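Next come the chains, spelled out residue by residue.
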Amino acid sequence: MTNRPYGTLYIGVTNSLERRAWQHKHKATGGFTARYGVDRLVYFEEFRDVNNAIAREKQIKGWRRSKKDALVEAANPSWADWLEDAMTIGPSLRSG
């Protein structure tokens, strides 16, 4: 998630992307994302195994910023908020 155009990136793991993104958007949990206004979902990956998800989170967090930006831009060149545009997000994020 990001607060683009300001440039802060947040990388995390959750078992419910819809719920967690809603929490970020509504500043329901406080902390880093609320403090920096990180509320736009611009990239996500899905994993069946939580250990693989955590390993990937740590891997991405260890990257330089330019590599993180390239990852987002490869999937979402305009850095669109995938929660605002339901046509661009995967079926697991759509309701119904």
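Refer to the preceding data block for the structure.
Scoring rules and cut-offs
Residues numbered from 1 in each chain as written. Predicted model: local features only at pLDDT ≥ 70, side-chain atom pairs only at ≥ 80, totals over all residues. Heavy atoms only, no water. Patch = residues over 30% accessible without salt bridge, like charges linked within 9 Å, V, L, I, M, F, W, Y side chains within 5 Å. Areas by Shrake-Rupley, 256 points an atom, 1.4 Å probe, with all protein chains shown as cover. Salt bridge = Lys/Arg side-chain N within 4 Å of Asp/Glu carboxyl O. Helix = DSSP H or I, 4+ residues; strand = E, 2+ residues; numbered from the N terminus. Phe/Tyr/Trp six-rings, centres within 6.5 Å; stacked < 30°, edge-to-face > 60°. Buried < 20%, exposed > 50% of the residue type's maximum accessible area, 1.4 Å probe, protein only. Lys NZ or Arg CZ within 6 Å of the ring centre and 35° of its normal.

Student: Go over a nonpolar patch on the surface with me, naming the residues and quoting the values.
Tutor: A surface patch of nonpolar side chains, about 210 Å² in accessible area, is lined by V13, V50 and I54. Mapped onto the secondary structure, V50 falls in helix α3 (residues 50-61).

Student: Can you lay out unusual backbone geometry for me, pointing to particular residues and giving the numbers?
Tutor: One non-glycine residue with positive phi stands out, namely K27, at about 50 degrees. As for its placement among the helices and strands, K27 is situated in the loop between α1 (17-25) and α2 (31-36). For W79, which is not glycine, the phi torsion reads 55 degrees and is therefore positive. Here W79 shows up in the segment after α4 (65-75).

Student: Please give an account of the packing of aromatic side chains that cites residues and values.
Tutor: Within this structure, the stated rule accounts for three aromatic pairs. Taken together, a centroid distance of 4.8 Å and an interplanar angle of 40 degrees make the contact between F32 and Y36 tilted. Here Y36 and F32 lie together in helix α2, a separation of four residues that amounts to about one turn. A centroid spacing of 5.7 Å and a plane angle of 90 degrees characterise the contact between F44 and W82, whose relative ring orientation is edge-to-face. Linking F44 in the loop between α2 and α3 with W82 in the segment after α4, this pair joins segments that are 38 residues apart in sequence. In this structure, F44 and W82 share a single accessibility class: buried. Clustering of aromatic rings is evident, with ring pairs tying together Y10, F32 and Y36. The ring of W63 has K67 sitting right over it, with the charged end atom 4.4 Å from the ring centre.

Student: I'd love a proper account of the pattern of salt bridges, names of residues and values included.
Tutor: Enumeration according to the criterion identifies four salt bridges in this entry. Notably, a salt bridge pairs E57 with K61, separated by 3.0 Å at the nearest N-O pair. Linking E57 with K61, this pair stays in helix α3, spanning four residues, or about one helical turn. Under the relative-accessibility criterion, K61 is labelled partly exposed at 45%. Between D69 and R65 there is a salt bridge, with its nearest N and O atoms 2.7 Å apart.

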